[in-house]
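This is what each chain is made of:
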Amino acid sequence: MGGDLSIILSPKITLDLGAEQRFQTEQKINGYQNSEVRSIPTLGLGSTYSVNSSTAVSVNANFGGSSAAPDAIFGISLWKKF
């Protein structure tokens, strides 16, 4: 479950926000329980800059994970219309 929001700051720049809530169920392997139910929240923040009508650059970061497995992802994307 989650949601995304894009805010247009100018004709060339957008601000992207996101939130997601995931749940991981407990697991048993060979009859032994090796994990419990976990709540995994994730927050995302990014921005997109439109260079021209066919090219854009995006920068984003996602932070989240449970206390047992914290997670951070950073990315840069180049979008090109062909």
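Above: the structure in question.
Since we're looking at a predicted model, the values are computed, not measured.

1. What about the overall build of the protein chain?
Here comes step 1: Assigned secondary structure in the protein chain consists of zero helices and seven strands.
Here comes step 2: Counted from the first residue to the last, the protein chain has its helices and strands arranged as β-β-β-β-β-β-β.
Here comes step 3: In terms of C-alpha radius of gyration, the protein chain reaches 18 Å, well past the compact-globule figure of 12 Å for 82 residues.
Here comes step 4: Taken along the three principal axes of its C-alpha coordinates, the protein chain extends 60 × 25 × 15 Å.
Here comes step 5: Considering only intrachain contacts with a sequence separation of at least 6, the fraction spanning at least 24 residues in the protein chain is 26%.
Here comes step 6: Carbon and sulfur atoms make up 62% of the accessible area of the protein chain, which amounts to about 6,400 Å² in all.

2. Some words on the sheet that holds strand 2 (residues 13-24)
Here comes step 1: Sheet architecture is open: five strands sit in the order 1-2-5-6-7, paired in antiparallel fashion. Edge strands, defined here as strands with exactly one partner in the open sheet, are strand 1 (2-8) and strand 7 (69-80). For this sheet the average axis-to-axis angle between neighbouring strands, irrespective of direction, equals 10 degrees.
Here comes step 2: Bridge analysis of strand 1 against strand 2 gives seven bridges, and the strand direction is antiparallel. Among the inter-strand pairings, I8 is bridged to a residue of strand 2, identified as T14.

3. A word on a nonpolar patch on the surface
Here comes step 1: Side chains of L5, I7, L9, L17 and L45 sit close together on the surface and give an oily, nonpolar patch of about 430 Å² of accessible area.
Here comes step 2: Along the chain, L17 turns up in strand 2.

4. Some remarks on the pattern of salt bridges
A side chain of one charge can pair with a side chain of the opposite charge when the charged atoms of the two come close.
Here comes step 1: Evaluated as defined, the whole model comprises one salt bridge.
Here comes step 2: The salt bridge partner of E20 is R22, with a shortest N-O separation of 2.9 Å.
Here comes step 3: Since its relative accessible area comes to 38%, R22 is described here as partly exposed.

Each value, and the rule that gives it
Residue numbering note: each chain is counted from 1, following its sequence as written. Since the coordinates come from a predicted model, pLDDT governs what is reported: local features require at least 70, and pairs of side-chain atoms require 80 or more to be given and counted, while whole-chain, interface and lining totals use all residues. Think of the side-chain values as coming from all heavy atoms in the structure, minus any hydrogens and water. For the purposes of this entry, the term helix denotes a DSSP run of H or I that reaches at least four residues, the term strand denotes a run of E that reaches at least two, and both are numbered from the N terminus. Radius of gyration: over C-alpha atoms. The globule rule applied is 2.2 Å multiplied by the number of residues raised to the 0.38 power. Whether two residues are in contact is decided by their heavy atoms, any of which lying within 4.5 Å being enough. In short, Shrake-Rupley with a 1.4 Å probe defines the accessible areas, and a residue's cover is counted only from the protein chains shown. Two strands qualify as a pair provided that DSSP identifies no fewer than 2 bridges between them. Axes here mean lines fitted to C-alpha atoms, for a helix over just the part in contact, with angles spanning 0 to 180 degrees between N-to-C directions. Residues enter patches when they are more than 30% accessible in relative terms and free of salt bridges; like-charged ones are connected within 9 Å and nonpolar ones (Val, Leu, Ile, Met, Phe, Trp, Tyr) within 5 Å. Each reported salt bridge corresponds to a side-chain nitrogen of Lys or Arg within 4 Å of a carboxyl oxygen of Asp or Glu. Partly exposed describes any residue whose relative accessible area lies between the buried limit of under 20% and the exposed limit of over 50%, with all areas from a 1.4 Å probe on protein chains only and scaled to the type maximum.

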